[in-house]
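Now for the letters of each chain:
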Amino acid sequence: YLGTMVYFSWSPFLAAICFISSNICRVIALIYHIHRNHYDEEKQQNLDLEFIKMEWEYRYRLNPLHSMANILNIFAWTTFSIPVLQVAWLLSHGGVRKVGMHAAIAGFTIAAVVSEVLAQLMLFGARGSGIYLYSNFDFGGWLPGYVYSGESGVGWRDLEIVYLVINGITTYVDSFEWLCLAVVLSLIMHSLQTMNVRIFNIWWARFGLLVAFLAVFDFISSVLIRLDEHLFAELAIAVSVMNSIIFLPTWLFM
């Protein structure tokens, strides 16, 4: 079973590069997001027509950056699963040692990948569809026989509400992989500690615990930013930079 490591020796490096690239895109987009000049919480809550139009213009400009982050994140988590599943196989001595624990490592890894791929595809599709509607459809004057000057704003407000609902639905799905990662790294540490002859460096596993700890904070910050994006945005940026750009790729390179 030790020979299986040879065939996918490239996957940790590819996963690390994808994690770094995708999260750099995510951090840049988040910085733009919290510093957009037109943002007004009261106008957002009142579904102000001009605010909605400016918000979609902003989303249109940043769509390539978000799309790149979505695609890279899918590749990152997919390639990340390969070395982790190999580690679980090796720690189980080819499926004979602590089978339940190592099956849990594999199960949580697969759950993380599936949830992340589904969330990223949903975000990619929702954002792309919204941008397409914004660019090609007429959202003015939806009310028949509208007698007032200007636009009714019904179409724009419908578009905004649907987008916010879909974005909210994907929040927990998109963040779930961090909880799975925390469980996986904790189980790897426990498995390695209970081995008589360790086949991996114990400090590598201990460093993984630090990544697991920050992964929980990454989940919390991803959820909190939906509640108050300006209050928790800096926390989300700091955690993302430390964990997704520095510590997690470092753990993969070790």
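For the structure itself, consult the block above.
Here's a quick rundown of the structure. (Residues numbered from 1 in each chain as written. Predicted model: local features only at pLDDT ≥ 70, side-chain atom pairs only at ≥ 80, totals over all residues. Heavy atoms only, no water.)

Quick word on the overall build of the chain
When its secondary structure is counted, the chain shows eight helices and zero strands. The secondary structure elements of the chain, listed N-terminal to C-terminal, are α-α-α-α-α-α-α-α. Expressed as a percentage of its 254 residues, the buried residues of the chain come to 47%. The contacts of the chain with a sequence gap of at least 6 include a subset with a gap of at least 24, amounting to 80%. Accessible area of the chain: about 12900 Å², with a carbon and sulfur share of 68%. (Helix = DSSP H or I, 4+ residues; strand = E, 2+ residues; numbered from the N terminus. Buried < 20%, exposed > 50% of the residue type's maximum accessible area, 1.4 Å probe, protein only. Contact = heavy atoms within 4.5 Å. Areas by Shrake-Rupley, 256 points an atom, 1.4 Å probe, with all protein chains shown as cover.)

Observations regarding the pattern of salt bridges
Side-chain pairs of opposite charge can arise where the charged atoms are in close proximity. In total, this model carries four salt bridges according to the counting rule given. A salt bridge links Arg36 to Glu55; the nearest nitrogen and oxygen atoms lie 3.1 Å apart. Taken together, the residues span a long stretch of sequence, with Arg36 in the loop between helix 2 (11-34) and helix 3 (41-45) and Glu55 in helix 4 (residues 49-91) at a distance of 19 residues. Judged by its relative accessible area of 8%, Arg36 falls in the buried class. Glu55 sits in the buried class, given a relative accessible area of 2%. Notably, a salt bridge pairs Arg61 with Glu57, separated by 3.8 Å at the nearest N-O pair. Here the residue Arg61 and the residue Glu57 both occupy positions in helix 4, the gap between them amounting to four residues, near one helical turn. Overall, Arg61 belongs to the exposed group, its relative accessible area being 53%. The structure contains a network of salt bridges with shared partners spanning Arg36, Glu55, Arg59 and Glu160. (Salt bridge = Lys/Arg side-chain N within 4 Å of Asp/Glu carboxyl O.)

Overview of a nonpolar patch on the surface
A cluster of nonpolar side chains, Leu85, Ile110, Val114, Leu118, Met122, Ile161, Val165 and Ile169, forms an exposed patch at the surface whose accessible area comes to about 670 Å². Those elements that provide at least two residues to the nonpolar patch are helix 5 (99-136) and helix 6 (154-193). By residue number, the principal contributor to the nonpolar patch is helix 5, which donates four residues. Positionally, Val114 belongs in helix 5. Using a relative accessible area of 44% as the deciding quantity, one classes Val114 as partly exposed. (Patch = residues over 30% accessible without salt bridge, like charges linked within 9 Å, V, L, I, M, F, W, Y side chains within 5 Å.)

Here's the deal with the packing of aromatic side chains
Here the distance between the centres and the angle between the planes together describe a pair of aromatic rings. Evaluation of the coordinates by the stated rule reveals 15 aromatic pairs. Ring geometry for Trp204 against Trp251: centres 4.9 Å apart, planes inclined by 10°, an arrangement best described as stacked. Here Trp204, found in helix 7 (residues 202-227), pairs with Trp251, found in helix 8 (residues 229-253); they are 47 residues apart in sequence, far enough to count as distant. Owing to a relative accessible area of 10%, Trp204 belongs among the buried residues under this scheme. When the centroid spacing of 5.8 Å and the interplanar angle of 80° are considered together, the rings of Phe207 and Phe247 count as edge-to-face. Of this pair, Phe207 sits in helix 7 while Phe247 sits in helix 8, placing them 40 residues apart in sequence. (Phe/Tyr/Trp six-rings, centres within 6.5 Å; stacked < 30°, edge-to-face > 60°.)

Notes on unusual backbone geometry
With glycine set apart, most residues show a phi of negative sign, and most peptide bonds adopt trans. For Leu47, which is not a glycine, the phi torsion comes out positive at approximately 55°. Relative to the assigned elements, Leu47 resides in the loop between helix 3 and helix 4.

Description of helix 6
For helix 6, which comprises 40 residues, the first-to-last C-alpha distance of 60 Å matches the rise-based estimate of 58 Å (1.5 Å per residue) to within 8%. Thr170 marks the point of greatest bend in helix 6, at about 30°. (Expected span 1.5 Å × (residues − 1). Bend = angle between axes of the 7 residues up to and from the residue.)

A word on the nonpolar core
The biggest cluster of nonpolar side chains holds 37 residues, and the ones touching the most others in it are Phe19, Phe80, Leu181, Ile188, Leu248 and Trp251. Elements supplying a minimum of two residues to this core: helix 2, helix 4, helix 5, helix 6, helix 7 and helix 8. For Phe80, the residues in contact, after removing those within four places along its chain, are Ala15, Phe19, Leu181, Leu248, Trp251 and Leu252. Listed in part, the twelve residues of the second largest apolar core include Tyr39, Phe51, Trp56 and Leu159. (Core = buried A, V, L, I, M, F, W, Y, C linked by side-chain atoms within 4.5 Å.)

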